[in-house]
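Chains, contacts and geometry: an overview
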Amino acid sequence: MPRQVPTPRTVDIPSAEAVAKERERLQYKKKYNRTLRSTIYALLVVAALAVLVATIFLPVLQVSGTSMEPTLTDGDIILLLKSESFTTGDICGLYWQNKLLLKRVIGGPGDIIDIDAAGNVTVNGQALDEPYVTDKALGECDITLPYQVPENRYFVMGDHRSTSVDSRSSVIGCIEKEQIVGRAFLRVYPFDRISLLLQK
């Protein structure tokens, strides 16, 4: 039987232009992958820094409930500013029984707080100017007035005086300084109500 001679294969040799295009395509792919990796790393670093800043310096809090109306409403998102000092009028985020509450500082250590039947508040004998309160009321109050704030504690109240449960009630009482997370600094949502919340 005659031996079959294999048919020679034809090999297409790419042109110099095709080689250049392929090299360009591979370089672009390599550059794209490198850029994508760098972008992902940068985003991860930014996200980590944002979480760190939010945790340490500017905690983010969503308002739940109506105790701070009309100043803050249910669903508002605010930033808290870490602080070591608090004055009358500051809105503060504070821990109470594993919950984070928002209340306004009325008086600090040693201050004498009094509230009349109509809900007018005096601190150390001086009437408190409260333009942020539209619903004055004595509210849920079972403490003996006038009331002196103990050392290292703060007397806090919600702006919606008829519904807020706060230092007027012995259930919550005065807040220890260590319970306060920080002062309300900025409302960031809803966007049409972005505003500073710090006292002037």
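As the structure is a computational prediction, the values presented were derived from the model and not from experiment. (Residues numbered from 1 in each chain as written. Predicted model: local features only at pLDDT ≥ 70, side-chain atom pairs only at ≥ 80, totals over all residues. Heavy atoms only, no water.)

**Considerations on the pairing of strand E9 (residues 153-157)**
Summarising burial for E9: 4 of the 5 residues are buried, a large majority. Summarising the sheet, strand E4 (residues 99-107) and E9 pair through 3 bridges and their orientation is antiparallel. In the strand pairing of E9, Val105 is matched with Val156. Taken together, the 2 bridges between E9 and strand E10 (residues 175-176) define a ladder with antiparallel strand orientation. What sits directly across from Tyr154, in E10, is Ile175. (Buried < 20%, exposed > 50% of the residue type's maximum accessible area, 1.4 Å probe, protein only. Helix = DSSP H or I, 4+ residues; strand = E, 2+ residues; numbered from the N terminus. Pairing = 2+ DSSP bridges.)

**As for the layout of surface pockets**
In this structure, the largest pocket encloses a volume near 170 Å³. Contributing elements (two or more residues each) for the lining of the largest pocket: strand E1 (60-62) and E4. Considering each element in turn, the lining of the largest pocket owes the most residues, 4 residues, to E4. By residue class, the composition of the lining of the largest pocket is 6 nonpolar, 5 polar and 1 charged. (1 Å grid on protein atoms, 1.4 Å probe; cavity = no way out; pocket = protein on both sides within 12 Å on 5 of 7 lines; lining within 4 Å. Points joined across faces, edges and corners; volume = space filled by probe spheres on them. Nonpolar A, V, L, I, M, F, W, Y, C, P; charged D, E, K, R; others polar.)

**Description of the environment of Ser67**
Tracing the chain through its elements places Ser67 in the loop between E1 and strand E2 (77-81). The sequence separation of Ser67 and Asp159 amounts to 92 residues, and the corresponding C-alpha distance is 6.3 Å. Setting aside its immediate chain neighbours within four residues, Ser67 contacts Leu102, Lys103, Gly158, Asp159, His160, Thr163 and Ser164. (Contact = heavy atoms within 4.5 Å.)

**Some points on the environment of Met157**
Along the chain, Met157 falls in strand E9. In this structure, the C-alpha to C-alpha distance between Met157 and Ile106, residues 51 residues apart in sequence, is 6.7 Å. If we skip the residues at most four places from it in the chain, Met157 touches Met68, Lys103, Arg104, Ile106, Ile115, Val121, Ser164, Asp166 and Arg168.

**A closer look at the pattern of salt bridges**
Tallied over the entire structure, the rule returns 7 salt bridges. Taking the shortest distance from any N to any O, the salt bridge between Arg183 and Asp90 comes out at 3.9 Å. Of this pair, Arg183 sits in strand E11 (residues 180-189) while Asp90 sits in the loop between E2 and strand E3 (91-96), placing them 93 residues apart in sequence. Note on accessibility: Arg183 and Asp90 belong to one class, buried. Where Glu130 meets Arg161, a salt bridge forms, and the shortest distance between an N and an O atom there is 2.7 Å. Here the residue Glu130 occupies a position in the loop between strand E7 (126-127) and strand E8 (147-148), and Arg161 occupies one in the loop between E9 and E10, the gap between them amounting to 31 residues. (Salt bridge = Lys/Arg side-chain N within 4 Å of Asp/Glu carboxyl O.)

**A closer look at a positive patch on the surface**
Taken together, Lys30, Lys31, Arg34 and Arg37 make up a surface patch of like positive charges. The class of Lys31 is exposed, set by a relative accessible area of 53%. (Patch = residues over 30% accessible without salt bridge, like charges linked within 9 Å, V, L, I, M, F, W, Y side chains within 5 Å. Areas by Shrake-Rupley, 256 points an atom, 1.4 Å probe, with all protein chains shown as cover. Lys, Arg positive; Asp, Glu negative; His and termini not counted. Charge placed at Lys NZ, Arg CZ, Asp CG, Glu CD.)

**Considerations on the packing of aromatic side chains**
For the structure shown, the criterion picks out 4 aromatic pairs. Note on Phe86 and Tyr154: the rings are 5.7 Å apart at their centroids and 85° apart in plane angle, and the pair reads as edge-to-face. Residue Phe86 is found in the loop between E2 and E3, and its partner Tyr154 is found in strand E9; the two are separated by 68 residues along the sequence. Ring centres of Tyr147 and Phe155 lie 5.8 Å apart, and the angle between their planes is 50°; on these two criteria the pair is classed as tilted. Of note, Arg104 hangs over the ring of Tyr132, and the distance from its end group to the ring centre comes to 3.5 Å. (Phe/Tyr/Trp six-rings, centres within 6.5 Å; stacked < 30°, edge-to-face > 60°. Lys NZ or Arg CZ within 6 Å of the ring centre and 35° of its normal.)

What is shown is where atoms sit, not what they do.
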